[in-house]
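Survey of secondary and tertiary structure
Spelled out, the chains give:
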Amino acid sequence: MARLSKQQQAEIRLKIIKTAVALFSEYGFEATSMKQIAREAGIGDATIYKYFANKDKLIYGYYGLIATETTQQFLAEDDLSEYSLQEKLQLLIDIYLNNFLPNREFVCDSINMIMQSPSILFKDVAPVREEFVDLIRNLLNEAEQAGEIAQSPFTDATAKLANDYLLAVLLYWVNDDSEEFSNTTQMVDMSLNLGVEILRSGIVSKATDLVSFFVKAHLFRFMGSGFLNKLVMNKSFGL
Amino acid sequence: MLTSKKVPTSKLSRSAITGAAVAKIGLKHAGYKVRKAFSAKISGTKSSDTKNSEAKSNEQSQQQHEEQIGELVFTVLSQLRGTAIKLSQLLSMETDILPETIRNKLKSACHEVPPINRALVRKQMVQELGNTPKQLFKEFDSKAFSAASIGQVHRALSFNDENLAVKVQYPGIGATIDSDLKMLEKLFWLLAKTTNKMPKQQVFTLLLTEIKNRLSEEINYEIEANNLNWFQQHMKLNGIVIPKVKHALSSARVLSMEMLTGQHIDKWLENQPSQQQRNELGQKLFDFFWYSALTLKKIHADPHPGNFLVLTDEQLGVLDFGCVRSLSDDFVDGFTAMMPKIVDSYIFNKNKSALFASYQALKFIDHSVDFNTFESKIFPDIQRYGQWLGQAYVSKTFDFTTKTPCPGKPDNVSGTAVKFLSGMYSEQPCFDRAHLGLMNLLTQIGANINTDYSKFITVK
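All values reported here derive from a predicted model rather than from experimental measurement.

Attention shifts here to the packing of helix 6 (residues 104-116) of chain A against helix 9 (residues 155-174) of chain A. Residue and element names in this part refer to chain A. The N-to-C vectors of helix 6 and helix 9 enclose an angle of 120 degrees; their axes lie 10 Å apart at closest approach. On the basis of the axis angle, helix 6 is oblique to helix 9. Our pair here, helix 6 against helix 9, has a crossing hand that is left-handed. Contact with helix 6, carried on its side by V107, C108 and I111, involves L170, L171 and V174 of helix 9 and no other residues of that element. For the contact of helix 6 with helix 9, the per-class residue count stands at six nonpolar, no polar and no charged.

Given below as structure tokens:
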């Protein structure tokens, strides 16, 4: 492996993921072995483990790949600068879901697995989420600078929220049985409209002001009630 | 976990919306009954001209009642976006099938059109034509220049430098139509129970079926493209221009066609055209309609001012062939046979039995209605409408500056006529709507034209 260049390694990695997803789609996740994937991809039975320790890792490898491709395609889009914030986010989602489309069945199965499995696997998907956070933070910052939305000290939090929203959209899409997923399209259209409207109004900062006032003014009472303990406990579950 | 719960489909939440409105209408109806009893009591205490004032206040409260229901219907419809707009347009036929106040509410729904933003336009293009607007056209204006009822129209330039109008449909509008119509059926059913002016169930079932068929055609732009081609081939009248379809850039949800340059009739009228110009344009519109109806037996069923352009060389450009209706031979024969009798009966007050027979032939009334009932209950109720309908066809020419507006409401408020309505040919609603549109346009233009359509009648 040391003799291979980074580029070559990346190509093999890509090939493994694509082969794995194709096999998972055809035979199912359980019925597909690492050996099968390696042979189909034309690499050694042992070599595959240098790239992916187990089948689970292949799943998030796939999600990571789609996220990277989506970001690249999004940034390469013509006339992106003419898009409004809402249109940009809508475009991002559109590209994202379109990239999943060829393997929709596998996506449905694997999403269900991820959502049902203990937090270990779920955490493994986190790198995917981080990638969009950066992209969305940039979009939000641009929109703030252009005066399209109100300045907010919580852009980072908003970016994370928007990123979770992407995951929520994916979940909705996976369960969408309308023709050409038009329900997802409309849901995204309407919910983004609302979301961007909220950002535009600057209500986020105002709401946070109010919350921090309450926290500061009533902190001691909270401490006495064990509420904070509960909050911390919840946080440790990754919520 | 998250996925174990099925996301609510939009149909469910939509039913919830109607459910709420249905409940509300039920309450309003209860209120109406109380008010009706109350108003009867009040008018009963007055000594002078009791009967008259009672009728009057009854009429008033009925109207209020209809308005309230209309408002609720509108609330429901406006939550359904595109489909509802189309439905409302189709339903706002001025013929007296639905109560006036309800029709008015439906009409006002026409102004709301859901916008399709840049990202959605791009999505629709990629989905339909496999590429982004940027790659498909030399230039593509992502701001729509005109709103269509279930989509919007963009200006574009092809790589061959042709100016195009590109109609893009709102994504998912087709998928929602069925559930929307089911809800509308529910609403109609309820309205029939709460106002005494709704037609028989069989009549509004027929109306709904017709609307459903037209809508399902209208959401398929391939059908519209075929209509455009068909009319282009068969329209032999001079001075009528129908845009050419750009098939390579069209699909079921995107329609690219030649951009016609001219002015919409409203705009053209602002420049005070001469009487002669008005007459010429009016004649073209009139001939276009009757030639389509009687010779081609297929009509453009959406004749509102926005769908006609006065081109720079004074030719008439016809747009939007989404709603086109074929007319059966029987209907055309029946209708052409009826028109002279409309004139005779309503304007010259003679030959009513022939009109009675015509109404039967057109299936408006069935054999349970005898001539006496027709003459005493139906005829007076729709006399004003009949006069209005016959007006333009009394002689071979007609000056539309003297045209009276279409009476929206029968003379008396009893609304009995509609109760006798037993049915009609399925093309009747579209035909009526198109004919009404024509009359309104000609009146707006103030044209003085030859209204003898008999030259277009084809002999079998």
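Residues and elements named next belong to chain A. Looking at the assigned domains, one finds that chain A contains domain 1 (1-53), domain 2 (55-201) and domain 3 (210-239). Computed from C-alpha atoms alone, the centre-to-centre distance between domain 1 and domain 2 is 27 Å. Broken down by element, the residue count for the side of domain 1 that touches domain 2 peaks at six residues, all from helix 1 (residues 6-27). A class-by-class count of the residues in the side of domain 1 that touches domain 2 yields nine nonpolar, one polar and no charged.

This part covers the sheet that holds strand 5 (residues 240-241) of chain B. Residue and element names in this part refer to chain B. Strand order across the open sheet formed by four strands is 5-10-9-7, with mixed pairing between neighbours. Looking at the sheet topology across the chains shown, the edges are occupied by strand 5 and strand 7 (262-264). Relative to strand 9 (residues 308-311), strand 7 runs antiparallel, the two being bridged by three bridges. The partner of G262 across the bridge, within strand 9, is L311. Across the sheet, helix 11 (residues 275-296) touches strand 5, strand 9 and strand 10 (316-318), and the angle it forms with strand 10 is around 40 degrees.

Right, let's talk about the packing of helix 9 of chain A against helix 10 (residues 182-201) of chain A for a bit. Residues and elements named next belong to chain A. Running from amino to carboxyl end, helix 9 crosses helix 10 at an angle of 165 degrees, the nearest separation of the two axes being 11 Å. In terms of their interaxial angle, helix 9 and helix 10 are classed as roughly antiparallel. Where helix 9 crosses over helix 10, the handedness of that crossing is right-handed. From helix 9, T158, V169, Y172 and W173 reach across to helix 10, where they touch T184, M187, V188 and L199. Taken together, the residues of the contact of helix 9 with helix 10 sort by class into six nonpolar, two polar and no charged.

All names here are of chain B. When the terminal C-alpha atoms of helix 12 (residues 329-348) are compared, their 28 Å separation across 20 residues agrees well with the 28 Å that a helix rising 1.5 Å per residue should span. A maximum bend of about 25 degrees is found in helix 12 at K341. Each element contacted by the buried residues of helix 12 is listed here: helix 13 (352-361) and helix 14 (371-391). Immediately downstream of helix 12, the backbone of N349 shows phi near 55 degrees, a positive value.

Residue and element names in this part refer to chain B. With respect to the element layout, V310 can be found in strand 9. Judged by C-beta crowding, with 21 C-beta atoms within 10 Å, V310 ranks as buried. The spatial distance from the C-alpha of V310 to the C-alpha of G262 is 5.3 Å, given a sequence separation of 48 residues. Dropping the residues within four chain positions of it, V310 is found in contact with G262, Q263, I265, W268, L281 and L316.

Turning our eyes to something else, we now look at the interface of chain B and chain A. On the chain A side, the residues contacting the 19 residues of chain B number 23 residues. At six residues, the largest contribution of residues to the side of chain B that touches chain A is made by helix 5 (residues 118-129) of chain B. Tallied by class, residues from the side of chain B that touches chain A come to seven nonpolar, seven polar and five charged.

Turning next to the nonpolar core. By size, the foremost hydrophobic cluster in this structure holds 140 residues, and its most contacted members are A20 and I93 of chain A together with L285, F289, I299, L438 and L442 of chain B. With residues near it in sequence (within four places) discarded, L442 of chain B still touches G282, L285, F286, F400 and A447 of chain B.

Right, let's talk about unusual backbone geometry for a bit. Backbone geometry at Q272 of chain B places phi at a positive 50 degrees, although glycine is not the residue there. Positionally, Q272 of chain B belongs in the loop between helix 10 (265-270) and helix 11.

Here we come to helix 13 of chain B. Residue and element names in this part refer to chain B. Every buried residue of helix 13 is listed here: L355, F356 and Y359. Summarising the axial view, the buried residues of helix 13 lie within an arc of 105 degrees, below the 170-degree limit, and thus occupy one face. Against the buried residues of helix 13 lie helix 12 and helix 14. At the C-terminal side of helix 13, K363 shows a positive phi close to 70 degrees.

What follows is about the domain arrangement of chain B. Residues and elements named next belong to chain B. By domain assignment, chain B separates into domain 1 (10-39 + 50-112 + 176-212), domain 2 (115-169 + 220-259) and domain 3 (262-460). Distance from the C-alpha centre of domain 2 to the C-alpha centre of domain 3: 31 Å. Facing the eleven residues of domain 2 at the interface are 14 residues of domain 3. Going through the elements one at a time, helix 9 (221-234) and strand 5 are the ones with two or more residues in the side of domain 2 that touches domain 3. Counting residues per element, the side of domain 2 that touches domain 3 draws most heavily on helix 9, at five residues. A class-by-class count of the residues in the side of domain 2 that touches domain 3 yields seven nonpolar, three polar and one charged.

It is worth spelling out the pairing of strand 3 (residues 151-157) of chain B at this point. Residues and elements named next belong to chain B. Of all seven residues that make up strand 3, five are buried, and the element is covered over most of its length. Bridge count between strand 1 (residues 139-140) and strand 3: two bridges; the pairing is antiparallel. When the sheet's bridge partners are listed, E139 is paired in strand 3 with L157. Relative to strand 3, strand 2 (residues 146-148) is paired through three bridges, and the arrangement is antiparallel. Considered in strand 3, the bridge of A147 is made with Q152. By the bridge criterion, seven bridges tie strand 3 to strand 4 (residues 163-169) in an arrangement that is antiparallel. Looking at strand 4, one finds that Q152 is bridged to V168. Where strand 3 folds back onto strand 4 in an antiparallel hairpin, the turn is made up of five residues, including D161, whose phi is positive at roughly 60 degrees.

What counts and what doesn't
- Residues numbered from 1 in each chain as written.
- Chains lettered and ligands numbered in written order.
- Predicted model: local features only at pLDDT ≥ 70, side-chain atom pairs only at ≥ 80, totals over all residues.
- Axes fitted to C-alpha atoms, helices over the stretch in contact; angles between N-to-C directions.
- Helix = DSSP H or I, 4+ residues; strand = E, 2+ residues; numbered from the N terminus.
- Parallel < 35°, antiparallel > 145°, perpendicular 65-115°, else oblique.
- Left-handed = near helix turned anticlockwise from the far one by under 90°.
- Contact = placed C-beta atoms within 7 Å.
- Nonpolar A, V, L, I, M, F, W, Y, C, P; charged D, E, K, R; others polar.
- Domains from an automatic or database assignment.
- Pairing = 2+ DSSP bridges.
- Expected span 1.5 Å × (residues − 1).
- Bend = angle between axes of the 7 residues up to and from the residue.
- Buried ≥ 20, exposed ≤ 12 C-beta atoms within 10 Å, placed from the backbone.
- Core = buried A, V, L, I, M, F, W, Y, C linked by C-beta atoms within 7 Å.
- Arc of directions from axis to C-beta.

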